[in-house]
Each structure stands twice: as structure tokens, then as C-alpha cells.
Amino acid sequence: MMSGVLGITDIWTYVLGTVAIILLPGPNSLFVLSTAARTGVRPGYRAAAGVFVGDAVLMLLSAAGVASLLSAYPPVFLVIKYAGAAYLGYVGLTMLRGAWRRWRTRNDPTAPRPGDIARPAGAADRPFRRAVVISLLNPKAILFFISFFIQFVDPDYRYPALSFLLLGLIAQVVSALYLTMLIFAGTFLAAQFRARRRLAAGVTTGIGALFLGFGLKLATATAG
């Protein structure tokens with residue numbers, strides 16, 4: 001065991017836990033997947049970059065003690081989580097509206113056949129910006145940095161910034177590998193959805209419902 005490396009109490013437990021948490025479906029991964037399926041690899045990586053920036057901000061806030069602030073002042077946490085829940089719910093409803101429009105035109109040969117699985121209004125033009133917002137309001141990420149991330153820093157280590165830097169680097173590398181896989185999976189799915197409009201509508205409905213579920217989860221989350 002490499003316990004105590006740069007002030008990290010149990011690095012391998014952290015690595016395994018981080019991999020398991022990142023692999024769980026969440027708003028970040030679904031948005032990157034849908035962006036790649038809709039507009040290709042390059043926009044998919046722009047969305048992934050937004051996720052990295054959002055997660056980096058959450059890491060910095062956690063290192064600065066904001067996690068303790070949220071636990072000590074529940075009203076602050078309530079404001080953040082309800083704002084996040086409302087935004088994720090809005091994204092989910094937008095996707096459901098898109099799925100309904102796609103279903104209504106499924107037999108119309110003149111209707112466009114984009115390869116997207118979810119297209120919130122305006123999202124195609126700013127995947128980076130939307131990904132940053134989704135990342136900052138991601139219930140999985142918020143609870144990860146509040147409840148899991150900070151537990152592996154030795155409070156007696158002289159240079160805690162190094163501990164947080166290494167923990168953050170591990171999380172970002174795992175996230176980058178996973179999102180890269182999703183980006184190329186998204187480009188494959190795009191070809192399937194172009195020819196199968198009913199399938200695209202069904203998947204969009206499912207993803208929209210998942211975003212509504214993420215919003216509900218965030219609304220019922222606790223800071224501790």
C-alpha cells in the first residue's frame with residue numbers, strides 16, 4: 001500500500017473509488033456522449049473540456065474549505081442544490097420536447113435527420129459553456145467533492161495543496177479516459193440514429209428522463 005504518499009491517506013482506495021464513481025452514469029458523461037453523437041468528435045472534446053474546467057473549479061472550492069462551509073451552513077447548500085436541480089430539470093425537459101418532435105416526424109421523409117440523441121436549444125453552438133454549467137451543478141460531482149474527495153487528505157501533512165493536486169490529477173485522468181471513450185462511442189451511435197428515427201426518439205426520451213432524475217437526486221441530497 002502506498003499510504004501517505006504526498007499526504008494522501010490511502011491512494012489506492014481513492015483511485016478505485018474514483019474509477020467506480022466516474023463510471024456511474026451522470027449528467028457530465030451523458031452530455032458529452034450526446035454532443036459527440038450530435039456534432040462529432042471535436043465538439044465532443046469541447047464539451048469534455050468544459051467538464052474538466054467545471055470539475056477543476058469544484059476541486060479548488062473543496063480544497064479551499066467550501067465543502068466544510070456547505071456542511072456548516074445548510075441554507076447555502078440548499079440554494080446551490082435547488083438551483084442545480086432546476087437547471088438539470090430544464091435540460092431534461094428540453095430533451096423530452098426534442099424527443100416528442102422527433103417522434104411526430106418519424107414518418108416524414110422531408111424532415112431533417114440529424115444524428116443527435118438530444119439537442120437542447122442552443123447547445124450545439126456552445127458545448128463548452130453548457131458543459132461547464134452542467135459540471136458545476138452535477139449532483140454526482142458535488143457529492144463526490146463534498147463527501148469523498150477531502151477524506152483522503154492527511155490534515156497533518158505540511159503541504160496539503162500537493163495532496164489536493166495529486167487527487168485532482170488522478171480524477172481528471174480517469175475522467176479524460178472515460179469521456180474519450182464516450183466521444184467515440186457517440187460518433188458511432190450518430191450513424192445508427194440517422195437511419196433509425198424511432199430509436200433516436202426513444203433514447204432521447206430516456207436521457208431526458210435521466211436528467212430529470214439527476215435533478216431530483218440533487219434536490220434530495222444532503223451536505224453531510
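Residues numbered from 1 in each chain as written. Predicted model: local features only at pLDDT ≥ 70, side-chain atom pairs only at ≥ 80, totals over all residues. Heavy atoms only, no water.

This paragraph deals with empty space enclosed by the protein. A complete count under the given rule lists 1 cavity of 30 Å³ or more for this structure. Elements with a minimum of two residues in the lining of the largest cavity: helix H1 (11-23), helix H2 (27-39), helix H3 (41-63), helix H7 (139-148) and helix H8 (160-195). Looking at side-chain class alone, the lining of the largest cavity contains 10 nonpolar, 7 polar and 2 charged residues. (1 Å grid on protein atoms, 1.4 Å probe; cavity = no way out; pocket = protein on both sides within 12 Å on 5 of 7 lines; lining within 4 Å. Points joined across faces, edges and corners; volume = space filled by probe spheres on them. Helix = DSSP H or I, 4+ residues; strand = E, 2+ residues; numbered from the N terminus. Nonpolar A, V, L, I, M, F, W, Y, C, P; charged D, E, K, R; others polar.)

So, about the nonpolar core. Among the nonpolar cores identified, the biggest contains 17 residues, and Tyr 14, Phe 144, Phe 145, Phe 149, Phe 152 and Leu 167 are the most heavily contacted of them. Contributing elements (two or more residues each) for this core: H1, H3, H7 and H8. Those residues within four positions of Phe 144 in sequence are excluded, and the remaining contacts are Tyr 14, Thr 18, Ile 21 and Phe 149. (Core = buried A, V, L, I, M, F, W, Y, C linked by side-chain atoms within 4.5 Å. Buried < 20%, exposed > 50% of the residue type's maximum accessible area, 1.4 Å probe, protein only. Contact = heavy atoms within 4.5 Å.)

Scanning all chains against the criterion turns up 2 aromatic pairs. Here Tyr 14 and Phe 152 contribute two aromatic rings whose centre-to-centre distance is 5.4 Å and whose plane-to-plane angle is 65°, an arrangement assigned as edge-to-face. Here Phe 152 lies in the loop between H7 and H8 and Tyr 14 lies in helix H1, a separation of 138 residues in the sequence. This pair shows no difference in class: Tyr 14 is buried, exactly as Phe 152 is. Judged by centre distance (6.2 Å) and plane angle (80°), the rings of Tyr 157 and Tyr 159 are edge-to-face. With relative accessibility at 46%, the residue Tyr 159 sits in the partly exposed group. (Phe/Tyr/Trp six-rings, centres within 6.5 Å; stacked < 30°, edge-to-face > 60°.)

The end-to-end C-alpha distance of H3 is 33 Å, a good match for the 33 Å that 23 residues give at a rise of 1.5 Å each. Among the residues of H3, Pro 43, Gly 44, Ala 47, Ala 48, Gly 50, Val 51, Gly 54, Asp 55, Leu 58, Met 59 and Ser 62 are the ones counted as buried. Immediately beyond the C-terminal end of H3, within one or two residues, lies Gly 65, with a positive phi of roughly 95°. (Expected span 1.5 Å × (residues − 1).)

Time to look at the packing of H2 against H3. At their nearest, the axes of H2 and H3 sit 7 Å apart, and the two run at 160° to each other. It follows that H2 is roughly antiparallel to H3 by the angle criterion. Seen along the crossing, H2 lies across H3 with a hand that is right-handed. For the pair H2 and H3, contact is made by Asn 28, Phe 31, Val 32, Thr 35, Ala 36 and Thr 39 and by Pro 43, Gly 44, Ala 47, Ala 48, Val 51 and Asp 55, respectively. Tallied by class, the residues present in the contact of H2 with H3 amount to 7 nonpolar, 4 polar and 1 charged. (Axes fitted to C-alpha atoms, helices over the stretch in contact; angles between N-to-C directions. Parallel < 35°, antiparallel > 145°, perpendicular 65-115°, else oblique. Left-handed = near helix turned anticlockwise from the far one by under 90°.)

UniProt marks residues 12-33, 45-70, 76-96, 131-152, 164-187 and 199-219 with the feature "transmembrane region" (unreviewed entry), using the numbering shown here. Taken end to end, residues 12-33 has its terminal C-alpha atoms 28 Å apart, with 86% of it in helix and 0% in strand. Between the end C-alpha atoms of residues 164-187 there is a gap of 34 Å, over a span that is 100% helix and 0% strand. (UniProt positions renumbered as here; feature names shortened; annotations may be inferred.)

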